[in-house]
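# Results of the structural survey
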Amino acid sequence: MADKEKKAAQGSKVEKAATDESKAAAKVAKAAKGADKKSDKPNFFVRAGKSTKDFFKNFKGETKKIVWPDAKTVLKSTGIVILVVAVAAIIIFAIDQGLGAGVTGLKSLANRGETTTSAVADDGHDHDHDEDESTTKADSSKESTTKADSSEKETTAAKTTESKESSTAAE
């Protein structure tokens, strides 16, 4: 029985080798067929020319299918488009103006608060916050006048010091 098993194993090996050889032969035949196929194919320029010709032929056929509207339809559609664009522009303009007015209002409120706060901080006194705007502006102008006067005094003092130094140097 061992002999039968050995013969069967050898037989399967032979079959396997034959199958491998047939697969290799099929690959070689396929490669040879592919080489023949490539030679049948026209070169790039011939294919590009044919493709371009087909494109324009199809393009011409598609342009014949176009249905152009008459003048009345074109004018009507154009009028609708212009009307919609004008309405959209008016809406956007109104929103822009509203937002701009809102921002300006907020800025004026912020400036009003800063003026009152700066007057209190510069004065060193505690003021009522219910004061009129004109009172706050008057206080601010007094402070700016006082600051201008003090800067003039400093400038005059500096000039006097310079002139004393120069007269001392001249002696």
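Every value quoted in this text rests on a predicted model; they were computed, and no experiment measured them. (Residues numbered from 1 in each chain as written. Predicted model: local features only at pLDDT ≥ 70, side-chain atom pairs only at ≥ 80, totals over all residues. Heavy atoms only, no water.)

What follows deals with the overall build of the chain. Per the secondary structure count, the chain includes four helices and zero strands. N-terminal to C-terminal, the α/β element order of the chain is α-α-α-α. Across the 171 residues of the chain, 2% fall into the buried class. Accessible surface for the chain amounts to roughly 15300 Å². Of this, 62% is attributable to carbon and sulfur atoms. (Helix = DSSP H or I, 4+ residues; strand = E, 2+ residues; numbered from the N terminus. Buried < 20%, exposed > 50% of the residue type's maximum accessible area, 1.4 Å probe, protein only. Areas by Shrake-Rupley, 256 points an atom, 1.4 Å probe, with all protein chains shown as cover.)

One pass over the full model with this rule turns up one salt bridge. Notably, a salt bridge pairs Glu-62 with Lys-65, separated by 3.3 Å at the nearest N-O pair. Taking the relative accessible area as the measure of exposure, Glu-62 reaches 47% and is therefore partly exposed. Residue classification places Lys-65 among the exposed positions, given a relative accessible area of 59%. (Salt bridge = Lys/Arg side-chain N within 4 Å of Asp/Glu carboxyl O.)

Quick look at a nonpolar patch on the surface now. A cluster of nonpolar side chains, namely Leu-83, Val-87, Ile-91, Ile-95 and Leu-99, defines an oily patch on the protein surface of about 490 Å² accessible area. If you trace the backbone, Leu-83 turns up in helix H3 (residues 71–123). (Patch = residues over 30% accessible without salt bridge, like charges linked within 9 Å, V, L, I, M, F, W, Y side chains within 5 Å.)

Attention shifts here to the packing of aromatic side chains. Under the counting rule described, the total for this entry stands at three aromatic pairs. Taking 5.4 Å as the distance between ring centres and 75° as the angle between the ring planes, the aromatic pair formed by Phe-44 and Phe-45 counts as edge-to-face. Overall, Phe-44 belongs to the exposed group, its relative accessible area being 53%. Each ring, one from Phe-55 and one from Phe-59, has its centre 6.3 Å from the other, and the planes form 20°; the classification is stacked. Taken together, the residues Phe-55 and Phe-59, both in helix H2 (residues 44–64) and four residues apart, mark about one turn of the helix. (Phe/Tyr/Trp six-rings, centres within 6.5 Å; stacked < 30°, edge-to-face > 60°.)

Summary statistics for the chain give a mean pLDDT of 75 and a share of 50% for residues scoring 70 or more. The spread of mean pLDDT over the elements of the chain runs between helix H4 (residues 133–170), the lowest at 57, and H2, the highest at 93. (pLDDT = per-residue confidence, 0-100.)

All right, on to H2 then. The terminal C-alpha atoms of H2 lie 31 Å apart, and with 21 residues this matches the ideal 30 Å at 1.5 Å per residue to within 8%. For H2, the N-terminal cap is Asn-43; the gap from its side-chain oxygen to the backbone nitrogen of Phe-45 is 3.2 Å. (Expected span 1.5 Å × (residues − 1). Polar contact = N/O pair within 3.5 Å; in protein donor to acceptor, adjacent residues only side chain to side chain.)

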